[in-house]
2 protein chains.
Amino acid sequence: MVSRIDNFPTEEYLIRIARTRAEMEKRGLDWMVITDPSNMAWVSGYDGWSFYVHQAVLLGLSGDPLWWGREMDTRGALRTVWMPDEAVHGYDDTYVQNPEKHAHETLADLIRQQGGGKARIGVEMENYYYSAAAHRALSAALPEADLIDATGLVNWQRAVKSPAEIEYMRRAARIVEHMHQTILEVAEPGLPKNRLVAEIMRAGIEGAEGHWGDYPAIVPMTPSGIDATAPHLTWDEQPMREGEATFFEIAGCYRRYHCPQSRTLFLGHIPDKFREAEKAVVEATEMALEAAKPSNTCEDIAIAFNTTLNRLGFEKDGRCGYAIGLSYPPDWGERTMSFRRGDKTVLEPGMTFHFMPALWLDDGGIEITEPIAITEQGHECFSSLPRELNVK
Amino acid sequence: MVSRIDNFPTEEYLIRIARTRAEMEKRGLDWMVITDPSNMAWVSGYDGWSFYVHQAVLLGLSGDPLWWGREMDTRGALRTVWMPDEAVHGYDDTYVQNPEKHAHETLADLIRQQGGGKARIGVEMENYYYSAAAHRALSAALPEADLIDATGLVNWQRAVKSPAEIEYMRRAARIVEHMHQTILEVAEPGLPKNRLVAEIMRAGIEGAEGHWGDYPAIVPMTPSGIDATAPHLTWDEQPMREGEATFFEIAGCYRRYHCPQSRTLFLGHIPDKFREAEKAVVEATEMALEAAKPSNTCEDIAIAFNTTLNRLGFEKDGRCGYAIGLSYPPDWGERTMSFRRGDKTVLEPGMTFHFMPALWLDDGGIEITEPIAITEQGHECFSSLPRELNVK
């Protein structure tokens, strides 16, 4: 095949697959139908904005994984996957968004051709790209197979990053730093929010230090003032105002690897309560990051953070972090580990997280967050941005 | 409630709901669980990038629709929906991406509280945001209810746009024109593709003629040369080259309403076969658009296009257009009508489409497309860009 993007050496893909197969064997699975685009990319190298139609990587216990998708996207698959051309299978266009039939019927045919008609097949039940209808169609077309929920099976194999992946995330960190620097340069009272977002996006795709910017899996979240009490509103044309805080929840992205980081900008004189919230978040973050080391658990970080925050008179419900890495829209989280009470996953060197202690106050939001990697000794902060509220 | 964005007057939402309820009654449905974010926005006004967690609008045959989602997103709901605060319901954060339990269990509780425990409930089986696991959880938690596939029920009610919606799409058209003008100004041999995409995105968010730009549901597709034979590859840092064609599949977006339009740019001297392909596409487009009028069908447009194209020595498989309007990632299509053989939907004034006759040749792609609205007399082209290959 003609490889357009030689993302990782084939050996790295083979290591990933061996890890995935070990877990499949543990669970007694003969095949995995991998529909999460980030899992597909991680296993096969496939990269394209084609996940709005049905596609998958079919992984058995031996042989090459098979790419399956819309016929017109086989051309993109041939240019991005590491496997030989014979591993790429397309279905015809009449299956696209056609209520009369379902693309997964053709996936069932492929599975049967591979001898999997009566097999135990793992599917990702909880995924944006494995709809209830896809499951119904695949089940009906493979009446003698066992479809078994294996949500997260591949995601969990991605938790510990290789040195090459860590390097990609460091490059993404340079990009998110550049995006935040752009904000500090451009933001000012009177600037319509969409103009600011336009500059943030430009900076993110422009890239930094010679590393080109890929599209982050989420658009910039940039709410100001009272809108910042609501975490997931996007922008409009309202001007930035003196006396208002704006938080910027953004990520740099390098070859689909994300480094998210949030900062908060206050225009004008900061009220005391924002300074108090800043002090509490920074202090609680320090305590949390002290707990970010191998053999501690995800929960330990959340407890260290929440205990300190409560002592300082603030509260945060919800998780304060999640695993990050390779992602596609609509989420840059890996959907495995969370920093929250009850998550007893043991931290290992190479795991990567967005430590994300967002506080939503009654009349504004404050986010000062840190993307980190667990190392042998403790952790590495990917970004070198000062850990503080920005004021302008 | 404090409405942040007064998108449409409440009366328009009530008309939309009446239309939806008529179809629900026709199908004997007591409730609709609306999970498609564009359907949710169309019915309730809700707007936020929170669709990466489970959320829905619950619509019965009477009373206000109910917004249901993650507790932290109720704040964004309160600021964007037209319904009173009591219509907004949150579930706690422990349900987020937690394999131990499922958020749809809390939706089942809400449905039961509304008296729907034994009802006939429509669900959108074929949607990115209604996973196989969501369906399993909702079915298990409502053992006495009938969950009935109503994929597309709401989407179809959206097919005919109101004058206000058409106006939003005209504004989006100004934005996509501005994006294409930016491309013509900036593109040149040697320019890394990501730098060009950075400028396209900036132009799109900046907006045009006083209309701010919202994020399109798909990132710019901008493949050059041989990569352009693959329709859904995104960019990297490779420089643009003389002698290569690049197609730009992009959309302007105004308050979630999309106006997609593609153009192709050739740097340097155009080979004859590109000129021939251009001539064929433009002529076939003219024939197709002559068929774009009320009482004709979607299929008529495809047949007019394909017949002309074949006569001129070219072939295109796959559909040559689809319905457009209000959208969220990962797709700006409405997933209802397609311009392809077999789609016998009768065209009506107010329907809006992206006529999208992309040709992928052996060594490059050509896209010259037209966003259109069906009018009483025939059709309106939203954009005034010249229908031709661009050369620089």
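Residues numbered from 1 in each chain as written. Chains lettered and ligands numbered in written order. Predicted model: local features only at pLDDT ≥ 70, side-chain atom pairs only at ≥ 80, totals over all residues. Heavy atoms only, no water.

S.K.: Is there a simple way to explain the interface of chain B and chain A in this structure?
M.R.: Often, the extent of an interface is quoted as the loss of accessible area upon association of its parts. Counting residues at the interface gives 71 residues for chain B, matched by 71 residues for chain A. In this assembly, chain B packs against chain A so that about 6,500 Å² is buried in total across both faces, 55% of it on carbon and sulfur atoms. Considering only the side of chain B, the residues that lose the most area to chain A are B:W49, B:Y52 and B:H232, jointly responsible for 11% of the buried surface there. There are six salt bridges connecting chain B and chain A. There are 44 residue pairs in polar contact (both at pLDDT 80 or more) connecting chain B and chain A. If you list the elements that add at least two residues to the side of chain B that touches chain A, you get α3 (71-80), α5 (132-141) and α8 (193-206) of chain B. When residues in the side of chain B that touches chain A are grouped by element, the largest group, nine residues, is from α8(B). Looking at the side of chain B that touches chain A residue by residue, the class counts come to 30 nonpolar, 18 polar and 23 charged. (Contact = heavy atoms within 4.5 Å. Buried area = accessible area lost by both parts, 1.4 Å probe. Salt bridge = Lys/Arg side-chain N within 4 Å of Asp/Glu carboxyl O. Polar contact = N/O pair within 3.5 Å; in protein donor to acceptor, adjacent residues only side chain to side chain. Helix = DSSP H or I, 4+ residues; strand = E, 2+ residues; numbered from the N terminus. Nonpolar A, V, L, I, M, F, W, Y, C, P; charged D, E, K, R; others polar.)

S.K.: Can you walk me through helix α10 (residues 298-311) of chain A in this structure?
M.R.: Note on helix geometry: an α-helix contains 3.6 residues per turn, so any two residues three or four positions apart are oriented the same way. Residues and elements named next belong to chain A. An ideal rise of 1.5 Å per residue puts 20 Å on 14 residues; α10 measures up with 21 Å between its terminal C-alpha atoms. Every buried residue belonging to α10 is among C298, E299, I301, A302, A304, F305, N306, T308 and L309, and all of these are buried. Of the surrounding elements, those touching the buried residues of α10 are α9 (272-290), β10 (333-338), β11 (352-355) and β12 (359-361). (Expected span 1.5 Å × (residues − 1). Buried < 20%, exposed > 50% of the residue type's maximum accessible area, 1.4 Å probe, protein only.)

S.K.: Can you help me understand the confidence of the model for chain A in this one?
M.R.: Averaged over all residues, the pLDDT of chain A is 94; the fraction at 70 or higher stands at 98%. Reported confidences for the modelled complex are a pTM of 0.96 and an ipTM of 0.95. (pLDDT = per-residue confidence, 0-100.)

S.K.: Got a minute to help me understand the domain arrangement of chain A in this structure?
M.R.: All names here are of chain A. Taken domain by domain, chain A holds domain 1 (10-157) and domain 2 (163-391). Placing a centre on the C-alpha atoms of domain 1 and another on those of domain 2 gives a separation of 33 Å. Counting from both sides, the interface comprises 17 residues of domain 1 and, opposite them, 16 residues of domain 2. For the domain 1 and domain 2 pair, buried surface summed over both sides reaches about 1,300 Å², with 59% attributable to carbon and sulfur atoms. Looking at the side of domain 1 facing domain 2, the largest losses of area belong to Y128, N155 and W156, adding up to 37% of the total buried there. Between the two partners, domain 1 and domain 2, sit two salt bridges. (Domains from an automatic or database assignment.)

S.K.: Mind showing me how you'd approach the UniProt feature "domain: Creatinase N-terminal" (unreviewed entry) in chain A here?
M.R.: The sites that UniProt annotates as "domain: Creatinase N-terminal" (unreviewed entry) are residues 16-160 of chain A. As annotated, residues 16-160 of chain A has a helix share of 37% and a strand share of 18%, and its two end C-alpha atoms lie 11 Å apart. (UniProt positions renumbered as here; feature names shortened; annotations may be inferred.)

S.K.: For this particular structure, what's the right way to read the UniProt feature "domain: Peptidase M24" (unreviewed entry) in chain A?
M.R.: Summarizing the sequence annotation, UniProt attributes the feature "domain: Peptidase M24" (unreviewed entry) to residues 167-376 of chain A in the numbering used throughout. Between the first and last C-alpha atoms of residues 167-376 of chain A the distance is 16 Å; the span itself is 32% helix and 21% strand.

S.K.: Sorry if this is basic, but what is going on with the relation of the copies chain B and chain A here?
M.R.: Two chain copies here: they are related by a rotation about an axis and a translation along the same axis. Note on the copies: chain B fits chain A at an RMSD of 0.0 Å, the axial shift is 0.0 Å, and the rotation between them is 180 degrees. The symmetry that links the two subunits is that of a two-fold axis. Considering only C-alpha atoms, the residue of chain B closest to the rotation axis is B:A132, which sits at 1.9 Å. Of all interface residues in chain B, 100% are interface residues in chain A too; the two copies therefore contact each other through one and the same surface. (Least-squares fit on C-alpha atoms with pLDDT ≥ 70 in both.)

S.K.: Please explain unusual backbone geometry as it appears in this structure.
M.R.: In this structure, the amide linkage connecting A:P329 to the following residue, A:P330, adopts the cis form with an omega of 10 degrees. Within the fold, A:P330 resides in the loop between β9 (321-324) and β10. Positive phi, close to 50 degrees, is recorded for B:Q97, a residue that is not glycine. Here B:Q97 shows up in the loop between β4 (88-91) and α4 (104-113). Using a relative accessible area of 22% as the deciding quantity, one classes B:Q97 as partly exposed. Of note in this structure, B:S295 is not a glycine but carries a positive phi near 80 degrees. Considering the arrangement of structural elements, one finds B:S295 in the loop between α9 (272-290) and α10 (298-311). Here B:S295 falls in the exposed class, since its relative accessible area comes to 60%.

S.K.: I would appreciate a short explanation of the pattern of salt bridges in the present structure.
M.R.: For side chains bearing opposite charge, pairing can occur when the charged atoms are close. Residues and elements named next belong to chain A. Counting across every chain of the model gives 48 salt bridges over all chains. The residue E299 makes a salt bridge to K344 at a minimum N-O spacing of 3.0 Å. Taken together, the residues span a long stretch of sequence, with E299 in helix α10 and K344 in the loop between β10 and β11 at a distance of 45 residues. We classify K344 as exposed; its relative accessible area is 55%.

S.K.: Even after reading the chapter, I still don't get the sheet that holds strand β16 (residues 390-391) of chain B, so can you show me in this structure?
M.R.: All names here are of chain B. Taken together, the three strands give an open sheet; going across it, the order is β7-β8-β16, and neighbouring strands pair in mixed fashion. Only two strands of the sheet have a single partner each, and these edge strands are β7 (245-254) and β16. Bridge count between β7 and strand β8 (residues 257-266): ten bridges; the pairing is antiparallel. Within β8, the residue paired with F248 across the bridge is R263. (Pairing = 2+ DSSP bridges.)

S.K.: What am I meant to see in helix α5 (residues 132-141) of chain A here?
M.R.: Burial runs high along α5(A): seven of the ten residues are buried. For α5(A), the full list of buried residues reads A:A132, A:A133, A:A134, A:H135, A:A137, A:L138 and A:A141. Contact partners of the buried residues in α5(A): β1 (31-34), α4 (104-113), β5 (120-123) and β6 (146-149) of chain A together with α5 of chain B.

S.K.: Hey, could you run me through the sheet that holds β9(A) in this one?
M.R.: The strands making up a sheet associate through backbone hydrogen bonding, with each pair oriented either parallel or antiparallel. Residues and elements named next belong to chain A. Read across the sheet, five strands follow the order β10-β9-β11-β14-β15 without closing on themselves; strand pairing throughout is antiparallel. Looking at which strands have only one partner, the edges of the open sheet turn out to be β10 and β15 (379-381). Ignoring which end each strand starts from, the neighbouring axes of this sheet average 35 degrees apart. Judged from the three bridges that link them, β9 and β11 form a sheet pairing that is antiparallel. Note on β11: the bridge partner recorded for Y322 is H354. (Axes fitted to C-alpha atoms, helices over the stretch in contact; angles between N-to-C directions.)

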